[in-house]
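One letter stands for each residue in the lines below.
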Amino acid sequence: MRKIIIDCDPGHDDAFAIMTASAHRDKLDTLAVTTVGGNQVLDKVTANAQKILSYIKEDMPLAVGQATPLIKPIHTGEDAHGESGMDGPNFHEYNYKISSTNAVKYMHDLISASEEKVTIVAIGPLTNIALLLRTFPEVKDKIEEICLMGGGVDRGNRTPTAEFNIYVDPEAAKIVFNSGVEIVMAGLDVTEAAMMMDDEIELLKNKGKASRLTWELLQFYSKASKRFGFEGSALHDLCTIVYLLRPDLFKGVKYHVDIETYGELTRGMTVGDKRPVPDKTPNTLVLTEVQRVEFIKFFVESLEILDERLKQ
Ligand code: BDR
Ligand code: CA
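Residues numbered from 1 in each chain as written. Chains lettered and ligands numbered in written order. Predicted model: local features only at pLDDT ≥ 70, side-chain atom pairs only at ≥ 80, totals over all residues. Heavy atoms only, no water.

Undergrad: Just checking my understanding: could you explain the packing of aromatic side chains for this structure?
TA: The geometry of two aromatic rings is summed up by the distance between their centres and the angle between their planes. This structure, assessed with the given rule, holds 4 aromatic pairs. With 5.6 Å between their ring centres and 55° between their planes, Phe-16 and Phe-299 make a pair best called tilted. With Phe-16 in helix α1 (residues 12-23) and Phe-299 in helix α12 (residues 292-311), the pair connects residues that are 283 residues apart, well separated along the chain. Owing to a relative accessible area of 0%, Phe-299 belongs among the buried residues under this scheme. Here Phe-250 and Phe-295 contribute two aromatic rings whose centre-to-centre distance is 6.3 Å and whose plane-to-plane angle is 90°, an arrangement assigned as edge-to-face. Taken together, the residues span a long stretch of sequence, with Phe-250 in strand β9 (residues 250-259) and Phe-295 in helix α12 at a distance of 45 residues. The class of Phe-250 is buried, set by a relative accessible area of 8%. Ring pairing ties together the aromatic residues Tyr-243, Phe-250 and Phe-295, which thus form one cluster. (Phe/Tyr/Trp six-rings, centres within 6.5 Å; stacked < 30°, edge-to-face > 60°. Helix = DSSP H or I, 4+ residues; strand = E, 2+ residues; numbered from the N terminus. Buried < 20%, exposed > 50% of the residue type's maximum accessible area, 1.4 Å probe, protein only.)

What follows is the structure, encoded as structure tokens:
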């Protein structure tokens, strides 16, 4: 069974990734969920992780990570995720244990103690992961790969050239992409194609508890997507977990990817070297295509697995 750590900033689409990992706990052993400031400030995204994990009755350890990027002040994603960072549903109560307030050390301890290699699923700014790799470089040998949502070759969403997770902490992203660890990049090239349409969302409304929560989250999230000019809701972060479970639904190309940290118009850009003979050995599998209909079907079925579990 693949061992993973989910480093996140919930976030509507982070919540979908967590729920899908939980639905498939027979295939993915989530050693921990760790939080990082991003879509909202750290306290809020940590509270959102607690809300989701308690709602789905999980017992994955939760650890709190870095509040701010390595160098620059935090830039939150309120326009997409609202005041709470996960606007929409009302969570009446949540009381989820925090296992550590030092996520970087916690990740290190888990990875060191694991007999098998661990996959890091990074779906927020890369601050925690950069600190992990810099502070404890010995863990690199025990990381299977870093499967991340971030970037996009030749496209951005936060700016014309930069995707949100990379834009928030480009210095951290630069450390991660240059770490020597294998990277799978689910960037905008693929995550903006992983759209859930309104008619598909509507079918979730009258099902079980996990589907209903997803419907409620998407009521807010899809409005934001429409404001950004999309036809449906891009389920960005979910692509990472679905890729681990169903790689057959994706296509990708290996490039050397590096991060622009200086440019006035390009800070946070993921630069893929597409030349036939690149300067450096490719370090990243850049996902480029997803079978949208099958992807959504898999998500809906994953929620149904949770619906059944939550009946008990
Ligand atoms: C990424 O930014 C956040 O708003 C989402 O949670 C996702 O991780 C998409 O650009
Ligand atoms: Ca996220």
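Undergrad: Would you mind showing me how to read the site of ligand 1 here?
TA: Around ligand 1 lies a shell formed by Asp-13, Asp-14, Asn-39, His-81, Ile-123, Met-149, Asn-157, Glu-163, Phe-164, Asn-165, His-236 and Asp-237. Measuring from an oxygen atom of ligand 1, one finds a side-chain N or O atom of Asp-13 at 2.7 Å. Within the side chain of Asn-157, an N or O atom sits 2.9 Å from an oxygen atom of ligand 1. Burial of ligand 1 by the surrounding chains reaches 95%, relative to a free accessible area of 280 Å². (Near = heavy atom within 4 Å. Polar contact = N/O pair within 3.5 Å; in protein donor to acceptor, adjacent residues only side chain to side chain. Areas by Shrake-Rupley, 256 points an atom, 1.4 Å probe, with all protein chains shown as cover.)

Undergrad: Is there a simple way to explain the coordination of the calcium ion (ligand 2) in this structure?
TA: Tetrahedral coordination by four donors sets the ideal angle at the metal to 109.5 degrees; octahedral coordination by six donors sets it to 90 or 180 degrees. Donor atoms from the polypeptide that coordinate the calcium ion (ligand 2) comprise Asp-9 (OD), Asp-14 (OD), Asp-14 (OD), Ile-123 (O) and Asp-237 (OD), at 2.3 to 2.6 Å from the metal. Taken in chain order, the donor set of the calcium ion (ligand 2) reads D-x4-D-x108-I-x113-D. With Asp-9 in the loop between β1 (2-8) and α1 and Asp-237 in the loop between β8 (233-234) and α11 (238-245), the pair connects residues that are 228 residues apart, well separated along the chain. Taken as a pair, Asp-9 and Asp-237 share a single burial class, namely buried. (Donors = N, O, S within 2.8 Å, 3.2 Å for Na, K, Ca; no water.)

Undergrad: What is the right way to look at the environment of Arg-275 in this model?
TA: Here Arg-275 is to be found in the loop between β10 (270-273) and β11 (284-290). Exposure remark for Arg-275: the relative accessible area of 45% places this residue in the partly exposed category. Through-space distance from the C-alpha of Arg-275 to that of Glu-144 is 27 Å; in sequence the pair is 131 residues apart. Among the polar contacts listed, one links the side chain of Arg-275 to the side chain of Asp-279, at a separation of 3.1 Å.

Undergrad: Help me understand helix α10 (residues 209-227) in this model?
TA: Given 3.6 residues per helical turn, the α-helix brings residues three or four places apart onto the same face. For α10, built from 19 residues, the straight-helix expectation of 27 Å at 1.5 Å per residue is met to within 8% by its first-to-last C-alpha distance of 28 Å. The largest bend in α10 amounts to roughly 35° and is located at Gln-219. For α10, the full list of buried residues reads Ala-210, Ser-211, Leu-213, Thr-214, Trp-215, Leu-217, Leu-218, Tyr-221, Ser-222, Ala-224 and Ser-225. Phi turns positive one or two residues past the end of α10, at Gly-229, with a value near 95°. (Expected span 1.5 Å × (residues − 1). Bend = angle between axes of the 7 residues up to and from the residue.)

Undergrad: When you look at the pairing of β9 in this model, what are you seeing that I'm missing?
TA: Looking along a regular strand, one sees side chains alternate from face to face of the sheet. With 6 bridges joining them, β9 and β11 adopt antiparallel strand pairing. Paired with Phe-250 across the two strands is Val-290, which belongs to β11. Note that β9 and β10 share 4 bridges and pair antiparallel. In the strand pairing of β10, Asp-258 is matched with Val-271. (Pairing = 2+ DSSP bridges.)

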